[in-house]
Amino acid sequence: STLHRQENGLLSLTVYSNQKKVVLYVDGVLFLFQSAQTGGPEFIFEDIPAEKLPLHLAAEAGNLSISLTVTKL
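Residues numbered from 1 in each chain as written. Predicted model: local features only at pLDDT ≥ 70, side-chain atom pairs only at ≥ 80, totals over all residues. Heavy atoms only, no water.

Engineer: So what exactly am I meant to see when it comes to the pairing of strand 1 (residues 2-5) here?
Structural biologist: In summary, the side chains of a regular strand alternate between the two faces of the sheet. Strand direction decides the pairing type here: strand 1 and strand 2 (residues 11-16), joined by four bridges, are antiparallel. Looking across to strand 2, one finds that Arg 5 is bridged to Leu 11. Here strand 1 folds back onto strand 2, and the loop between the two strands holds five residues, one of which, Gly 9, carries a positive phi near 90°. (Pairing = 2+ DSSP bridges. Helix = DSSP H or I, 4+ residues; strand = E, 2+ residues; numbered from the N terminus.)

What follows is the structure, given as structure tokens:
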């Protein structure tokens, strides 16, 4: 996964997976669900709010998951 700050101050997270669906949770709350698109294993989640830190991100795809805690931007 790759985390970037967007020009608007929000975050963008790219998750790479060979699964057909990826779900992103922000601070334990469902943020966005994406289905695979033709052309590759990238799932790009944009406009993730980062107003309060620490920020806990978790992505789930099938039986797999990855989590990330952002403490400083």
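The discussion continues.
Engineer: Would you explain the pairing of strand 3 (residues 21-26) in this entry?
Structural biologist: In the sheet, strand 3 pairs with strand 4 (residues 29-35) via six bridges, with the strands oriented antiparallel. Counterpart to Lys 21 in the pairing with strand 4 is Ser 35. Counting the residues in the hairpin turn of strand 3 and strand 4 gives two residues, including Asp 27, whose phi is positive at 50°. With four bridges connecting them, strand 3 and strand 6 (residues 55-61) associate as antiparallel partners. Directly across from Leu 24, in strand 6, lies its bridge partner Ala 59.

Engineer: Help me out: how do you make sense of the sheet that holds strand 6 in this one?
Structural biologist: Backbone hydrogen bonds are what pair the strands of a sheet, in a parallel or an antiparallel way. In space, the four strands of this open sheet follow the order 4-3-6-7, with antiparallel pairing throughout. At either margin of the open sheet sits one strand with a lone partner, and together these are strand 4 and strand 7 (64-70). Here the average twist between neighbouring strands, direction ignored, is 15°. (Axes fitted to C-alpha atoms, helices over the stretch in contact; angles between N-to-C directions.)

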